[in-house]
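Fold and geometry: a report
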Amino acid sequence: YEIVLVTGVQTCALSIFSVTASIIAILQVTATLVNYANDVKDAPKDRARFAMEASSLSSLLLNLRYQIEDSKSNEEWYREVILLGVSEGPLDQYNRELKKLQLKVASSKGLVKIGDALWWKFSKEEVASILLRIERLKNLIQIALQMDHL
């Protein structure tokens, strides 16, 4: 469907749909990684922190997705949200990082190896990097959600 805004200007439905698709992709990969993190035995504290932060981000992304689908926001808000989903934008960068992490825990067939699921495969530096990206994206999404209420 097309989104017709208060001013009567139409936005590119494809852009909004691409943001929504990016959100859905991130939610799916995040769920896989959080499940992996929760299955690891005797993992460092980094595992729990990653799982909590990623879950928190997932909640914000769901809120953003539903706000986009509700389509009662103004044109300016949609323009700002579309910027989150542009190529090389925050959602794209974060999704790429998540996929790298997912590849690290997945076999060539895409399934986590049973024996490997028992070990935490990430260095402190890798975890710190992804936690920093999570925090940045959470901040951007929180700002986007707040802008919608102005």
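Before reading on, note that the structure itself is shown above.
The structure contained in this document is the topic of the report that follows. Note that the structure is a prediction, hence the values are computed from the model and not measured.

Here the focus is the overall build of the protein chain. Regarding its fold elements, the protein chain presents five helices and zero strands. For the protein chain, the N- to C-terminal ordering of α and β elements is α-α-α-α-α. Within the span of the protein chain, comprising 150 residues, buried residues form 41% of the whole. In the protein chain, of all internal contacts separated by at least 6 residues, the share reaching a separation of at least 24 is 72%. For the protein chain, the exposed area adds up to about 8,700 Å²; of that, 55% sits on carbon and sulfur atoms.

What follows covers the environment of tryptophan 77. With respect to the helices and strands, the residue tryptophan 77 is situated in helix 3 (residues 75–84). When the C-alpha atoms of tryptophan 77 and methionine 147 are compared, they prove to be 6.7 Å apart, with 70 residues separating the residues in sequence.

Inspection of every chain in the model, using the stated rule, returns six salt bridges. One salt bridge connects arginine 65 with glutamate 69, and the closest N-O pair in it is separated by 3.0 Å. Taken together, the residues span about one helical turn, with arginine 65 and glutamate 69 both in helix 2 (residues 45–70) at a distance of four residues. Using a relative accessible area of 22% as the deciding quantity, one classes arginine 65 as partly exposed. Ionic pairing is found between glutamate 88 and arginine 96, a salt bridge with its closest N-O pair at 3.3 Å. According to the relative accessible area criterion, arginine 96 is partly exposed, its value standing at 36%. Salt bridges here are not isolated pairs; linked through shared partners, they connect Glu53, Glu135 and Lys138.

The phi angle at glutamate 88 is positive, at roughly 70°, despite the residue not being glycine. For glutamate 88, the location among the structural elements is in the loop between helix 3 and helix 4 (90–105). Its relative accessible area of 48% is what places glutamate 88 among the partly exposed residues.

Rules behind the numbers
- Within each chain, residue numbers correspond to sequence positions counted from 1 in written order.
- For this predicted model, a pLDDT threshold of at least 70 governs which residues receive local features, and a threshold of 80 or more governs which side-chain atom pairs are given and counted, while totals over whole chains, interfaces and linings are taken from all residues.
- Hydrogens and water are ignored here; the side-chain numbers use all heavy atoms of the structure.
- Under the scheme used here, helices are H or I runs from DSSP no shorter than 4 residues and strands are E runs no shorter than 2 residues, and both carry numbers assigned from the N terminus.
- Exposure categories follow from relative accessible area, calculated using a 1.4 Å probe and restricted to protein chains: below 20% of the type maximum is buried, above 50% is exposed, and the middle band is partly exposed.
- We call two residues in contact whenever any of their non-hydrogen atoms come within 4.5 Å of each other.
- Here, Shrake-Rupley sampling with a 1.4 Å probe gives the accessible areas, and only protein chains in the shown set may cover a residue.
- The salt bridge criterion pairs a side-chain nitrogen of Lys or Arg with a carboxyl oxygen of Asp or Glu, the two atoms within 4 Å.

Interpretation note: all reported values are geometric properties and have no functional meaning in isolation.
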